[in-house]
Structures are given as structure tokens and as C-alpha cells.
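Each chain, letter by letter, is given below.
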Amino acid sequence: MWLGVDYYPEQWDESLMEADMDTILEMGGNVIRIGEFSWHMMEKTEGNYDFSFFDRVIAMAKRKGLHVIMGTPTATIPAWLARKYPDILSEFEDGTKRAFGGRHVYCFNSPAMYHYSEKIVRALVEHYKDEEAIVAWQIDNETGHEGSDVCYCKQCQKAFQNYLGNKFHWDIDLLNDTYGTTFWSQEYNSFDEIPTPTATITTHNPALRLDWERFRSQSIVNFIHFQYDLIKEIAPDANVMHDFPGGGLDKHVDYSRVAKKLDFVAFNNYPVWGGQKEPMAPNEIAFGLDYIRGLKQKNFWITEAIMGAQGHDVTGFLPRPNQAKMWSYQGMARGCTSMMYFRYRGATKGAEQFCYGVVDADNVKRRKFYEVKSFFEDVKQYQEILETPVRSQVAIVYDYDSLAAFRIQRQSILLDCHNEMKKYHKAFYDKNVMVDVIPEQADVAGYKVLVLPQMIITKPAFREKVEAFAEQGGTVVLTFRHAVKNEDNNLVFGEMIPIGYRDLAGVYVDETESLQDLEAFPLVGEGPCQGASGTGGIFRDMLVAEDAQVLYRYGDSFYTDYAAITRKACKKGMIYYVGCAPDGDTLAALMGRILDDNGIGTISSEPGVEIVTRGEEGNRIRMMINHNDHRVKAGDWELEAFECKIIRE
């Protein structure tokens, strides 16, 4: 278990380094994370590599008994490189170059970026390939974050045209036919006529835009995998990871495909950021952790945990005493096995002066320092248990293509696919049931329940996997706008929706409606839900139940003949179809019924109290986490505000 801090010794007088490391040791740390933003320090002029400063940092760390996580410095290119190759800078949609001076300003399709990245990474890894103090290599930093996932430069346009050429075997007629370019006279005579989908009147072709989304994702996947392969070529036994930012499901990159090649993944966990009135809700923080764990369906690291207020230009909410410590426990409960705090000391210069650290710029050890110290002391006792896998029986499944399709055509102004996933997740979280948030290509063996929110793109191979899962005894929950389009983001002629799932679910969609209200219509229960009532909104599919059991119907006068929520037995399993966005209580009751039917145990707790059981048979702990700012009861225990109590079972 690695416990420590993100340390930037290059930002301070070197004379402070020994005292800093002594303080990190006093805190209980055993690792420092360094180097990720230091390209210029390593290569001040082209081809002249100098790692002497980091040699001294690592030598000092070794003398103190600290280990090192070393970052490749490609997230922040040096000024001389931007000046020599201005095309290395990415572009906004209007064609404006992103100015040198921020971070993540490079284009993922720049040949110069690849060339110079290879040179600096190769030199760095060759220099440190035998350094025993380095326990992991971090590639770049938060790739695709802060808008860096899109670029509209000429290099990207050419690369996109080549991407499409390879996809369609350089057959422009095949592309025209697939996209339906006869609409609005969009036919192309050659691939070099194809534009990037920048602003136009109305909108670009949806099939083109989906391929653009796939291309954007692949550009980032290629760059991270390029660095991974390079590190492994030089240091085959190295542990290589990447630190992912929050909000991954809203980005123009499929982080699950980035993660596929990595040895493990890490997460930068920011429950609150500058400008937020208050932190994210506890269930939303949990969702982010479960999503990161689901990238590889394995435990993960947190490489940036906060302790102080955060913000670049607008500073943020100060975590209350023990609140950030409590978030650290939550991270460990949900699969984190190593944790570093961002940052050791708050900066006095540069863009992150208001990203406060464990120690502030005045260099005084205060409450935050002692909270980290007590957390490190406590959590070390449970290392063996916390390194066991998280066992989830429920998975929420997402599909990058479907998320992209809704970015392209939102269909309802209230529809936020990420938020819809969180609603289902909350229904389980509130019952203290662990959930994996996984990509559609993931292995689903071992789960009892799969929830497939807004999977609008139908994929035959995935449908076969879902059917096999249900036939073998699993429960599948389909939602509104499921399997509406084919893999080219087109509607399908002569097919009833849900495409390929009609017989499986026992329903078809007669008509659909987009609503501009969260509670637009009543829901009326029948059959096993007789007497129940609720509301729904955002969108609705008018379901005709062929051989499915109706659980709820629409209660407004024109549509009472249509089902809203159904279920159908599928050999040993069950298929549910939720045709709208139901209110929270209705959704919670429905998911509760599914948990009961599958024999999945729940744990009752007071609002704001999260309970997680970790470990294996005979060696388990129960973690009771109070997210409330006041004292609460948890069974026979009293929990103070923001306290985590760990009980050995």
C-alpha cells in the first residue's frame, strides 16, 4: 500500500527538500509522486537532456526510505518546442490556436508531438530503468481533460480523413451510402473533401459526427498506448499507469479503451472544486469511484486526493474538519489500494496558488497535516483486507458510442445520460449495495443484475451477450431509447424498436415522446405493482406489451393503453424495460424488487451513512462512513460528523 503526496520539489528552493521529506515521513507517507510537469527542466534546449535535479530528489528519497512514482512530462510541452513547431498546438473549433502557457495544449495527431515525446520519454526511462526506488510510471497527466480531448487543426482533419479511408477501405461510395449523404447533397467524390464537423448551419451528418467522436477517442488511446509500449520496451517489468480525471463519461474519449493496456489505473478524486457551493453528493462521489474501478474491473489508486480547498482562478469550498479524511476512507472502501494527496505544499507561484495542500504556503503543520497523519496510521492496519477485490453483483453498463450519439442528438433538453446512470446507481447506493460501472465490452460473468441505461446504439455481439446473460439467470434492465440506431448512428428501415430486443423483452415501441419536464405524466402500477403510483418525464417510449408483464402504465388520458415499465422471463433470467425516467421513489422501489428477487442483500442505514463490507470470508471489515455534518446512529454505533468507523467482523 503506497501512501504519500504529490510533490513538486522543482517549485521550491532545493534546500527545503530534506525537511520536506522528513515531514512526509512524519505524516506516515512512504511514496512521492514527481516529474509529471517538468519537461523543460529535463530538456531545456532541444536534445540536451538533464535529469540531475531528479537524480538528487530520488537519491534523497532513497536515503529517507521513500519510494517514487515517476511521471512522463508530456502534459506540458516546453516553450521552445511550441515555438519551433507551432502546429503542435491544438486548435479551438473556430480555428484559433491554443496559446502556449496552459497545459494539455498539444494536438494528439501532431507528428512533432509524437517525435519529441518519444525522445524525452525514451531518454527519461533509459536513465531510470534500473532505479529500484521507482515503483510506478505515470503516463502524461489527466489526458483529455479540460477540453483537450478535441482539436480541429489541419493535422486532425487529415488524420480523420485517413481514419475514414481505412474504415471504409478507401471506397468513397461505401461511405456515401453508409452516411446517406444524398441528404442535403452531401456526397463526396474523395476522402480529402470530408470536413471536420465544425460549426455550420443546422448540423452535420450524425453518422459523420459519430465517426468523429470515435476518431477523437482513438487519437488519445493511440497516444497513451504509444507511451506505454515505449516504457515497456525499455523497462519491461515497470508498472505503468495513467491518472484519470473525473467526469470521464462526458469526455470525447473512451477511457476504458485507454485503460485496457495499462497495468492499473489511477484516479484524481475531487469531490469539490473552485466555484462549487458545496461538495458533490456522496452517491455521486461513489459513482465516480465505481466508474474508475470498472475501467479494468480491478482495484485502483488515487493519485490526487484533496485535503484543502481547490481552484485555479476561483477558489473553492474548504472541506470541513475530517470531511476530506472521510472522502479518503470512502475511496479505500470502494477499491482504492494506494493514495496520494494533492499536494504536499500549496504553491506560492503559478496557476495553482489556490489549490491548497496538506501544508499551506506558510509551511506550518496544522489540522490538515494531522488528519492525513491519522488517516495513514489507521488505514495501514487494514492493508491486507483493502487489497482484496471488490465483489459486486450489480453492474451498470455504458457504451461510448451511445453516449456520443446523445451528445450529437440529445433528443430531450433534459436528458443527461451520465445523470441517468447516477439515478440507477443511487437506488443501489442508498441500500448499501456495491455496483460496478463498466464498459459494454467488459466481462459480465459473476454479476446477477445488469442495468443498460440509454444504450441507443445496437450492437449484435453485445445483444447476444445480454441474451446469454439473461438465459443463464441474470436480470437485465433496459431503459428508454434502447437499441434505436445501428452502429453507424442511423435509424434502421423496417425494424421495430428496440432493434434486436423485441422478442427478448417482449415489447416494442409504438411511438416516442420527448418531454421538457421531470414529472410530465403519472405512472400507475398494476399486477405485482398494483396500488403503486408515481411520475415520469424527460422521455417516454409508448410500449406495446406482446408477451411481457406490465408493471406500470402511463396514467394520462391519451396513453393509458401503453405500458411504461414491463418485465419478461427469459429462460432462467428476467428482462425489464423501463420506458421513461421514473421519479426517484418509483425507481428505488423497482430496483429494490430486483435486488430481492436476486437474493442480493441490502443494509439499512440512516441518510448520509454509507456502509461497505470488504474482505474475504473469515477476514472482513465493515466501514461505516458518515457523510453528514452532524452525529448519527449506525446500528449500535455512534458516528461523529464525517467520521468513518471500521469494525472487524
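Residues numbered from 1 in each chain as written. Predicted model: local features only at pLDDT ≥ 70, side-chain atom pairs only at ≥ 80, totals over all residues. Heavy atoms only, no water.

A few words now on the overall build of the chain. Counting secondary structure elements, the chain contains 18 helices and 26 strands. The C-alpha atoms of the chain give a radius of gyration of 26 Å, which matches the 26 Å a tight globule of 649 residues would have. Considered along the principal axes of its C-alpha atoms, the chain spans approximately 80 × 75 × 40 Å. Sorting the 649 residues of the chain into buried and exposed places 59% on the buried side. A total accessible area of about 25600 Å² is found for the chain, and carbon and sulfur atoms account for 48% of it. (Helix = DSSP H or I, 4+ residues; strand = E, 2+ residues; numbered from the N terminus. Rg over C-alpha atoms; globule rule 2.2 N^0.38 Å. Buried < 20%, exposed > 50% of the residue type's maximum accessible area, 1.4 Å probe, protein only. Areas by Shrake-Rupley, 256 points an atom, 1.4 Å probe, with all protein chains shown as cover.)

Within strand β5 (residues 67-71), four of the five residues are buried, which leaves the element mostly enclosed by the surrounding structure. In this sheet, β5 lies alongside strand β2 (residues 31-34) in parallel orientation, the contact comprising four bridges. Looking at the pairing, Arg33 lines up with Ile69 of β5. One ladder, built from four bridges, connects β5 with strand β6 (residues 134-138); its direction is parallel. Counted as the bridge partner of Val68 is Ile134 from β6. (Pairing = 2+ DSSP bridges.)

Further remarks concern helix α8 (residues 206-234). Given 3.6 residues per helical turn, the α-helix brings residues three or four places apart onto the same face. Helix length check: α8 (29 residues) gives 43 Å between terminal C-alpha atoms against 42 Å at 1.5 Å per residue, within 8%. Here α8 lies mainly inside the structure; 23 of its 29 residues are buried. The N-cap residue of α8 is Asn205: its side-chain oxygen and the backbone nitrogen of Ala207 are 2.8 Å apart. (Expected span 1.5 Å × (residues − 1). Polar contact = N/O pair within 3.5 Å; in protein donor to acceptor, adjacent residues only side chain to side chain.)

The interhelical angle for the contact between helix α1 (residues 17-27) and helix α3 (residues 52-64), taken along N-to-C directions, is 40°, at an axis separation of 10 Å. Here α1 is positioned oblique relative to α3, judged by the angle of their axes. Considering the relative orientation of α1 and α3, their crossing is right-handed. Along the contact surface, α1 presents Met17, Glu18, Met21, Asp22 and Leu25, while α3 presents Arg56, Val57, Met60, Ala61 and Lys64. Grouping the amino acids of the contact of α1 with α3 by side-chain chemistry returns six nonpolar, no polar and four charged. (Axes fitted to C-alpha atoms, helices over the stretch in contact; angles between N-to-C directions. Parallel < 35°, antiparallel > 145°, perpendicular 65-115°, else oblique. Left-handed = near helix turned anticlockwise from the far one by under 90°. Contact = heavy atoms within 4.5 Å. Nonpolar A, V, L, I, M, F, W, Y, C, P; charged D, E, K, R; others polar.)

Summed over all chains, the structure comprises 36 aromatic pairs. Here the aromatic rings of Tyr106 and Phe223 are separated by 5.4 Å at their centres, their planes lie at 45°, and the arrangement is tilted. In this pair, Tyr106 sits in the loop between α4 (79-84) and α5 (111-128) while Phe223 sits in helix α8, placing the two residues 117 residues apart along the sequence. Tyr106 gets classed as buried once you look at its relative accessible area, which sits at 2%. One aromatic cluster is present, built from ring pairs that chain together Tyr8, Phe37, Tyr270, Trp273 and Phe342. In this structure, Arg98 packs its charged tip against the face of Phe92, placed 4.5 Å from the ring centre. Arg540 extends its terminal NZ or CZ atom over the ring of Phe521, reaching a point 4.3 Å from the ring centre. (Phe/Tyr/Trp six-rings, centres within 6.5 Å; stacked < 30°, edge-to-face > 60°. Lys NZ or Arg CZ within 6 Å of the ring centre and 35° of its normal.)

Judged by side-chain polarity, Ile413, Leu414 and Leu518 come together as a nonpolar surface patch covering roughly 280 Å² of accessible area. Locating Ile413 in the fold gives a position in the loop between α14 (400-408) and α15 (417-429). (Patch = residues over 30% accessible without salt bridge, like charges linked within 9 Å, V, L, I, M, F, W, Y side chains within 5 Å. Salt bridge = Lys/Arg side-chain N within 4 Å of Asp/Glu carboxyl O.)

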